[in-house]
Amino acid sequence: MQELQIDLIDGNFTASDAMEIITSVLDKMNFHKLQRLAKTERDHADPCTFENERIAALQSEKDKAISFLGPMIKGSETLSIKSEIKINKN
């Protein structure tokens, strides 16, 4: 199996910058919304189960990030964020 690892985020950030970074990454929901729209235009009966589940899961993660980071924005704390993407070829 082949694998590629990408270091997406790695650094220290203010809470405000962290909020911007995390919400931007989680806004990939738009990709799934566009996929859902394309599917339903082709087939109005398609339940788009995968897309709907991913949209809901990503929105939940975004809500958690906002709840966690929101109270810290007015402070001067520095937050460490590390995010990796792993791509595997089966």
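Above this text is the structure in question.
Let me sum up the structure you'll find in this document. Counting restarts for each chain, with residues numbered from 1 along the sequence as it is written. Local features are withheld for residues below a pLDDT of 70 in this predicted model, meaning they are given only at 70 or higher, and side-chain atom pairs are given and counted only at 80 or more; totals for whole chains, interfaces and linings count all residues. Only hydrogens and water are set aside; all other atoms, that is, all heavy atoms of the structure, feed into the side-chain values.

Time to look at the packing of helix α2 (residues 29–42) against helix α3 (residues 49–69). The interhelical angle for the contact between α2 and α3, taken along N-to-C directions, is 160°, at an axis separation of 9 Å. Overall, the two elements α2 and α3 adopt an arrangement that is roughly antiparallel. At the point where α2 passes α3, the crossing takes the left-handed sense. On α3, the residues that touch M29, H32, K33, Q35, R36 and K39 of α2 are F50, E51, N52, R54, I55, L58, Q59 and K62. The axes used here are C-alpha line fits, helices contributing only the stretch in contact, and every angle between their N-to-C directions lies in the interval 0 to 180 degrees. For helices the rule is a DSSP run of H or I covering at least 4 residues; for strands it is a run of E covering at least 2, with both sets numbered from the N terminus onward. Should an angle lie under 35 degrees it is considered roughly parallel, over 145 roughly antiparallel, and from 65 to 115 roughly perpendicular; all remaining angles are considered oblique. Whether a crossing is left-handed or right-handed is set by the direction in which the near helix is turned from the far one by less than a right angle, anticlockwise for left-handed and clockwise for right-handed. Note on contacts: a residue pair is in contact if any heavy atoms of the two residues lie within 4.5 Å.

Another aspect to go through is a nonpolar patch on the surface. Exposure above 30% relative accessible area and the absence of a salt bridge qualify a residue for a patch, where like charges join within 9 Å and nonpolar side chains (Val, Leu, Ile, Met, Phe, Trp, Tyr) within 5 Å. The Shrake-Rupley method, run with a 1.4 Å probe sphere, supplies the accessible areas, and residue values consider only the shown protein chains as cover. By salt bridge we mean one thing: a side-chain nitrogen of Lys or Arg within 4 Å of a carboxyl oxygen of Asp or Glu. On the surface, a cluster of nonpolar side chains totalling about 460 Å² of accessible area is made up of L4, I6, L8, V25, I85 and I87. Residue assignment for the nonpolar patch shows that the elements contributing at least two residues are β1 (2–14) and β2 (78–89). If you tally residues by element for the nonpolar patch, the top one is β1, at three residues. Its location among the elements puts I6 in strand β1. For every residue, the accessible area obtained with a 1.4 Å probe (protein chains only) is divided by the maximum for its type, and the residue is called buried under 20%, exposed over 50%, and partly exposed between those limits. On the basis of relative accessibility, which here comes to 34%, the residue I6 falls in the partly exposed class.

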